[in-house]
Amino acid sequence: MHRSLRLGLTLCNGLRMTHPQFIGSAEACSLLGGINRSTLTRWVKAGRLHTVTQLDGPNGALVFRREDVLALLETAPEIEPERDAS
């Protein structure tokens, strides 16, 4: 069984997820001040941020808990949260 099914994630149109507590790399990067995906991947490998799962495939998408990404913002003062342009 696909790992995303075990987690109860519903994926469609790429990484659009129906459960708001789970987010993909693009949204995680945005929440973390617009960091680059390579930076996000380095942080995961260094243990600074944990994934829920990685989808199947050689370049499987990373899935994060929104609360884990937001917690990193609170504990890492050097990260500037993305601000609305309005």
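Structure shown above.
Here is what the cut-offs are and how they apply
- Residues numbered from 1 in each chain as written.
- Predicted model: local features only at pLDDT ≥ 70, side-chain atom pairs only at ≥ 80, totals over all residues.
- Heavy atoms only, no water.
- Pairing = 2+ DSSP bridges.
- Helix = DSSP H or I, 4+ residues; strand = E, 2+ residues; numbered from the N terminus.
- Contact = heavy atoms within 4.5 Å.
- Axes fitted to C-alpha atoms, helices over the stretch in contact; angles between N-to-C directions.
- Phe/Tyr/Trp six-rings, centres within 6.5 Å; stacked < 30°, edge-to-face > 60°.
- Lys NZ or Arg CZ within 6 Å of the ring centre and 35° of its normal.
- Buried < 20%, exposed > 50% of the residue type's maximum accessible area, 1.4 Å probe, protein only.
- Arc of directions from axis to C-beta.
- Salt bridge = Lys/Arg side-chain N within 4 Å of Asp/Glu carboxyl O.

Q: Run through the sheet that holds strand 4 (residues 53-54), naming residues and quoting values.
A: Each strand in a sheet pairs with its neighbour through backbone hydrogen bonds, running either in the same direction (parallel) or in the opposite one (antiparallel). Judged by pairing direction, the sheet is antiparallel, and its 3 strands sit side by side in the order 3-5-4 without closing on themselves. Edge positions in the open sheet fall to strand 3 (22-24) and strand 4, since each of these has one partner strand only. Bridge count for strand 4 against strand 5 (residues 62-65) is 2 bridges, and the pairing is antiparallel. Bridging across to strand 5, threonine 53 finds its partner in valine 63. Sheet strands in contact with helix 4 (residues 66-75) are strand 3 and strand 5, and its direction is about 70 degrees off that of strand 5.

Q: A description of the pairing of strand 5 should follow, citing residues and the corresponding values.
A: As paired strands, strand 3 and strand 5 are joined by 3 bridges and run antiparallel to one another. Each bridged residue has a counterpart across the sheet, and for isoleucine 23 the counterpart in strand 5 is phenylalanine 64.

Q: Would you mind going over the packing of aromatic side chains in detail, with residue names and values included?
A: The final tally for this structure, using the stated rule, is 0 aromatic pairs. The positively charged end of arginine 48 is found above the aromatic ring belonging to tryptophan 43, 4.2 Å away from the centroid.

Q: Can you break down helix 4 residue by residue, with the values?
A: All of the buried residues in helix 4 are Val69, Leu72 and Leu73. In an axial view of helix 4, the angular spread of the buried residues amounts to 105 degrees, which keeps them on one side of the axis. Of the exposed residues in helix 4, the ones pointing more than 90 degrees away from its buried face are Glu67, Glu74 and Thr75. On its buried face, helix 4 sits against strand 3, helix 2 (25-31), helix 3 (37-45) and strand 5.

Q: How would you sum up the pattern of salt bridges? Please name residues and give values.
A: This model, assessed by the stated rule, comprises 2 salt bridges. Residue arginine 66 is joined to glutamate 27 by a salt bridge in which the shortest nitrogen-to-oxygen separation is 2.6 Å. You can see arginine 66 sitting in helix 4 and its partner glutamate 27 sitting in helix 2, a full 39 residues away along the chain. Classification of glutamate 27 by relative accessible area gives partly exposed; the value is 34%. For aspartate 68, the salt bridge identified is with arginine 65, shortest N-O distance 3.9 Å.

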